[in-house]
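Understanding the architecture of this molecule
This is what each chain is made of:
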Amino acid sequence: MSEASSPAASKPLSGPQRGMRQLGLVRDIDLALHLPLRYEDETQITPIAQLHAGESAQVEGVVRSSRVEFRPRRQLVVSIEDGSDSLVLRFLNFYASHQKTLAQGCRVRVRGEVRAGFFGREMVHPSFKAVDASASLPTTLTPVYPTTAQLPQAYLRKAIASSLKRADLREVLPTEVLPQGLPSLKDALQQLHLPTAHVNLSHLEDRSHPAWQRLKFEELLAQQLAQTQARLERRALKSPRLCARSASTDAHADPSDLPTRLLKALPFALTGAQERVVMEIDADLSREHPMNRLLQGDVGSGKTVVAALAATRTIDSGWQCALMAPTEILAEQHFGKLVQWLEPLGVRVAWLSGSRKGKARLSTLQKIAELDVDLVVGTHAVIQEDVRFARLGLAIVDEQHRFGVAQRLALRHKLDDAALGLEPHLLMMSATPIPRTLAMTYFADLDVSTLDELPPGRTPVVTKVFSEGKRDEVMARIRDEVARGRQVYWVCPLIEESEAVDLQNATQTHATLSAALPQVGVGLLHGRMPAAEKAAVMSLFTQGQLAVLVATTVIEVGVDVPNASLMVIEHAERFGLAQLHQLRGRVGRGAVASVCVLLYTPPLSESGKARLRAMADTHDGFEIARRDLEIRGPGEFLGARQSGDQLLRFAHLQEDLALLEQARRVAPRLLAQHPQAAQAHMDRWLGGKAEFLKA
Ligand code: ADP
Ligand code: MG
């Protein structure tokens, strides 16, 4: 059970030991933190005469008779008596050992639910044990633990009880950081595992009991300490200072600096929100510590140009910039736009993706290594081992939440490993805003800039929810839009289990639409197509040569075709809220009034209804994120950051906001003034998970 006696060459594990391992119960502290699901009250004996049908109770008595009956089927029928009255115990399955313990004259303690039987009160399959007349009653409630088939409750109970004694539960936290009036960790665990008979059970159940509060605070504090520490570690790193030329050495403003020239060349002026976040980013870039900033802004809020400005600032200071997007289509769009904006200014832009191989790739790699390229745009191919930047100053990650943990770690690695011992700055972008509670916890090591304003001249998308039966109406709408020279997306559902079915569906829809609209081009785009083919279809659609694009969710992120004014999402009920919002963001990008049709197939589940309602109600990405959190919990936001095991076991982000705020307040002080206590606390709570939290 302790780490010292762990597996390898020793004996094979027994069933219960395997069960414990399965539940992650390895160290004493793991067992001590494995809390009961509920409790049974064995502290009292009820006289049989006072039993009521429908109640659970414990009684004690002497067996008066015990016999096997055969009607209506074979069963053991036992009658016990306690001086007040008698009670029938009935067992439909029984063994010789039952009969032995329940033989006439034996004293037994029995627990079960009382029923009104034909011959008076009875219990069916009660739990029972032999006792002698002087056996004392337990003084605490009996815990019932979550367990597995291999691991009997009694075995687990014993293991936990002895781990509780053995575990090192010394108080490591100084009192001043603790919320007032809470028990010590040791007492809290004692109370949670073995509460006294008069504990307020409802407070244990709704987790408002002080013992629960203590445990939740401990957990939240460990999480805050890890985040605060990550931030401090980052602040200790050095980065290149990417200053505005005019503001650094030269007292005279320099109108020829790259960002200024880009701004002049753009066909639009920045929104106020864009101006503000550009300043926030510039301020970070001019510091000698790495930026770790998230730029969040609703779909269509204009994040790309902000990224381009940060890139030009970097390049202007003589450093390189990498921009990475989660899909090839999106990366390609960025590449196209950035080439269009930046090449006229003399910026050398290169493309890297999984599909660029062989000589072309090698020559690009060489240019990157020799500082013959200023900006590299691509998929995660940008952070492969063999990509060596001569002077990487800034990495930009678009739609960062779409990247998995492995890719995030690879990026970290690339950043840590950069040239000249200087850590590049990091800018992440996302259209899925992080709710406040998550920003305070999992993303506490992140500075956040928010684009809370859309560029002018957009007409909000009208969202309609139609049932499958109204397909004809939808077809008529598509004809209308196309007749007016507008473009249409038709999004086919993602069927997770079967890519093949998915594909068939998309292909069929494509055939149907092609037949219905013989005069115009209808394109098909799906995940299985080779990258070059995808790019070709996308570019035909972008240029307006295809009027309708049937696509699986490959178009989900970032695609920008302002002339598209209608989106139909088939089986909308199968999509997540964040995903629907992303998809809808593909229309309403120009000045034309746009419509998004959510087609669903009844019947709708409750959460399906809630999602479609939310979509029809609001366009606000923040409001949608809030509702999503409500409907689905934080899992979706954490995405691949989570390893599958819950990071918070005891605390609940929304319900325990006060504890969270206190933990957040005291964590920096604890790290500064009691570093050893802080470390001991993190070790106890996070074990090996601390690194993971930083990914
Ligand atoms: P997102 O935040 O979803 O990535 P984009 O950067 O793709 O948004 O911008 C959406 C569209 O708005 C693009 O066509 C972009 O060129 C345009 N755009 C960005 N900023 C402005 C602005 N200030 N005024 C007008 N159009 C803008
Ligand atoms: Mg974008």
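Parameters and conventions
Residues numbered from 1 in each chain as written. Chains lettered and ligands numbered in written order. Predicted model: local features only at pLDDT ≥ 70, side-chain atom pairs only at ≥ 80, totals over all residues. Heavy atoms only, no water. Helix = DSSP H or I, 4+ residues; strand = E, 2+ residues; numbered from the N terminus. Contact = heavy atoms within 4.5 Å. Areas by Shrake-Rupley, 256 points an atom, 1.4 Å probe, with all protein chains shown as cover. Lys, Arg positive; Asp, Glu negative; His and termini not counted. Charge placed at Lys NZ, Arg CZ, Asp CG, Glu CD. Salt bridge = Lys/Arg side-chain N within 4 Å of Asp/Glu carboxyl O. Near = heavy atom within 4 Å. Polar contact = N/O pair within 3.5 Å; in protein donor to acceptor, adjacent residues only side chain to side chain. Axes fitted to C-alpha atoms, helices over the stretch in contact; angles between N-to-C directions. Left-handed = near helix turned anticlockwise from the far one by under 90°. Nonpolar A, V, L, I, M, F, W, Y, C, P; charged D, E, K, R; others polar. Pairing = 2+ DSSP bridges. 1 Å grid on protein atoms, 1.4 Å probe; cavity = no way out; pocket = protein on both sides within 12 Å on 5 of 7 lines; lining within 4 Å. Points joined across faces, edges and corners; volume = space filled by probe spheres on them. pLDDT = per-residue confidence, 0-100. Phe/Tyr/Trp six-rings, centres within 6.5 Å; stacked < 30°, edge-to-face > 60°. Core = buried A, V, L, I, M, F, W, Y, C linked by side-chain atoms within 4.5 Å. Buried < 20%, exposed > 50% of the residue type's maximum accessible area, 1.4 Å probe, protein only.

Quick notes on the overall build of the protein
Secondary structure assignment for the protein yields 24 helices and 21 strands. With the C-alpha coordinates of the protein rotated into their principal frame, the extents come out at 100 × 65 × 50 Å. In the protein, the share of contacts with a sequence separation of at least 24, taken over all contacts with a separation of at least 6, comes to 76%. Carbon and sulfur atoms provide 52% of the accessible area of the protein, an area that totals close to 31,900 Å². Computing the positive centroid from 82 side-chain charges and the negative centroid from 78, the protein places the two 3 Å apart.

Observations regarding the pattern of salt bridges
Under the criterion given, the structure shown has 33 salt bridges. Glu280 is the salt-bridge partner of Arg293, the closest N and O atoms lying 3.9 Å from each other. Here Arg293, found in strand S9 (residues 292-297), pairs with Glu280, found in helix H9 (residues 272-285); they are 13 residues apart in sequence, far enough to count as distant. Each of Arg276, Glu280, Asp284, Arg287, Arg293 and Asp452 takes part in a single network of salt bridges with overlapping partners.

Notes on the site of ligand 1
Near ligand 1 there are 17 residues, and of these Gly300, Lys303, Thr304, Arg458 and Asp560 occur at the shortest range. Between a nitrogen atom of ligand 1 and a main-chain N or O atom of Ala269, the distance comes to 2.9 Å. Gln274 places a side-chain nitrogen or oxygen 2.8 Å from a nitrogen atom of ligand 1. If ligand 1 stood free it would expose 570 Å²; the protein chains cover 87% of that surface.

Considering the packing of helix H18 (residues 577-584) against helix H19 (residues 606-617)
In contact at an axis separation of 10 Å, H18 and H19 are set at 35° when each is read in the N-to-C sense. Where H18 crosses over H19, the handedness of that crossing is right-handed. On H19, the residues touching Leu577, Leu580, His581 and Arg584 of H18 are Arg611, Leu612, Ala614 and Met615. Along the lines of polarity and charge, the residues of the contact of H18 with H19 split into 5 nonpolar, 1 polar and 2 charged.

Brief notes about the sheet that holds strand S19 (residues 548-551)
Strand order across the open sheet formed by 6 strands is S16-S21-S20-S17-S19-S18, with parallel pairing between neighbours. Since the sheet does not close on itself, it has two edges, and those belong to strand S16 (462-467) and strand S18 (522-525), each with one partner. Direction aside, the axes of adjacent strands within the sheet are offset by 15° on average. In the sheet, S16 pairs with strand S21 (residues 595-600) via 6 bridges, with the strands oriented parallel. Paired with Val465 across the two strands is Leu598, which belongs to S21. Each of S16 and S21 is contacted by H19, which is oriented at about 150° to S16, the strand it contacts most.

Side note on the layout of surface pockets
In this structure, the largest pocket spans a volume of roughly 1,000 Å³. Along the wall of the largest pocket there are 43 residues; nearest its centre are Thr304, Lys337, Trp341, Asp560 and Arg589. Every element with two or more residues in the lining of the largest pocket is listed here: helix H8 (258-265), helix H10 (303-316), helix H11 (328-342) and helix H17 (531-542). Top element by residues in the lining of the largest pocket is H11. It accounts for 9 residues. Residues of the lining of the largest pocket, tallied by class, amount to 20 nonpolar, 14 polar and 9 charged.

Comments concerning the confidence of the model for the protein
Chain-level statistics for the protein give a pLDDT mean of 86 and a share of 91% at 70 or above. Below a pLDDT of 50 lies the segment residues 639-646, which in the model reaches 19 contacts outside its immediate sequence neighbourhood of four places, other chains included. In the model, residues 690-695 has pLDDT below 50 throughout and makes 19 contacts with residues more than four positions away in sequence or in other chains.

Here's the deal with the pairing of strand S5 (residues 107-117)
The pairing of strand S2 (residues 56-69) with S5 spans 7 bridges and is antiparallel. Bridge pairing in S5 places Val62 opposite Arg107. Strand direction decides the pairing type here: S5 and strand S7 (residues 127-130), joined by 4 bridges, are antiparallel. Its bridge partner being in S7, Val108 is matched across the sheet by Ala130. As judged from the 4 bridges shared by S5 and strand S6 (residues 120-124), these two strands associate in the antiparallel manner. In the strand pairing of S6, Arg115 is matched with Glu122. Taken together, S5 and the strand that follows it, S6, pair antiparallel across an intervening segment of 2 residues.

A word on the packing of aromatic side chains
A full pass over the atoms with the stated rule returns 5 aromatic pairs. For the pair Phe335 and Trp351, a centre-to-centre distance of 5.4 Å together with 50° between the ring planes defines the contact as tilted. You can see Phe335 sitting in helix H11 and its partner Trp351 sitting in strand S11 (residues 349-352), a full 16 residues away along the chain. Through a chain of ring-to-ring contacts, the aromatic side chains of Trp212, Phe650 and Trp685 assemble into a single cluster.

Some remarks on the nonpolar core
Membership of the largest hydrophobic core comes to 70 residues, with the highest contact counts inside it found for Leu189, Leu192, Leu215, Leu221, Leu225, Ile368 and Phe389. Looking at this core element by element, the count peaks at 9 residues for helix H7 (residues 210-235). When sequence neighbours within four positions are dropped, the list of residues in contact with Leu215 reads Leu33, Leu35, Leu185, Leu189, Leu192, Phe650 and Trp685. With 40 residues, the next largest nonpolar core counts Val278, Ile281, Leu338 and Val377 among its residues.

Here we look at the environment of Leu189
Structurally, the position occupied by Leu189 is in helix H5 (residues 185-193). Classification of Leu189 as buried rests on a relative accessible area of 0%. Residues Leu189 and Leu35, 154 residues apart in the sequence, show an inter-C-alpha distance of 8.4 Å. Leave out the neighbours within four places in its chain, and Leu189 touches Ala32, Leu33, Leu35, Leu164, Leu169 and Leu215.

Side note on the packing of H8 against H10
Running from N to C, H8 and H10 point in directions that differ by 145°, and their axes come no closer than 8 Å. Contacts between H8 and H10 involve Leu258, Pro259, Leu262 and Leu263 on the former and, on the latter, Ala308, Leu309, Thr312, Arg313, Ile315 and Asp316.

Digging into the environment of Arg479
Relative to the elements of secondary structure, Arg479 occurs in helix H15 (residues 471-483). Sequence-wise, Arg479 and Val144 are 335 residues apart; in three dimensions their C-alpha atoms are separated by 63 Å.

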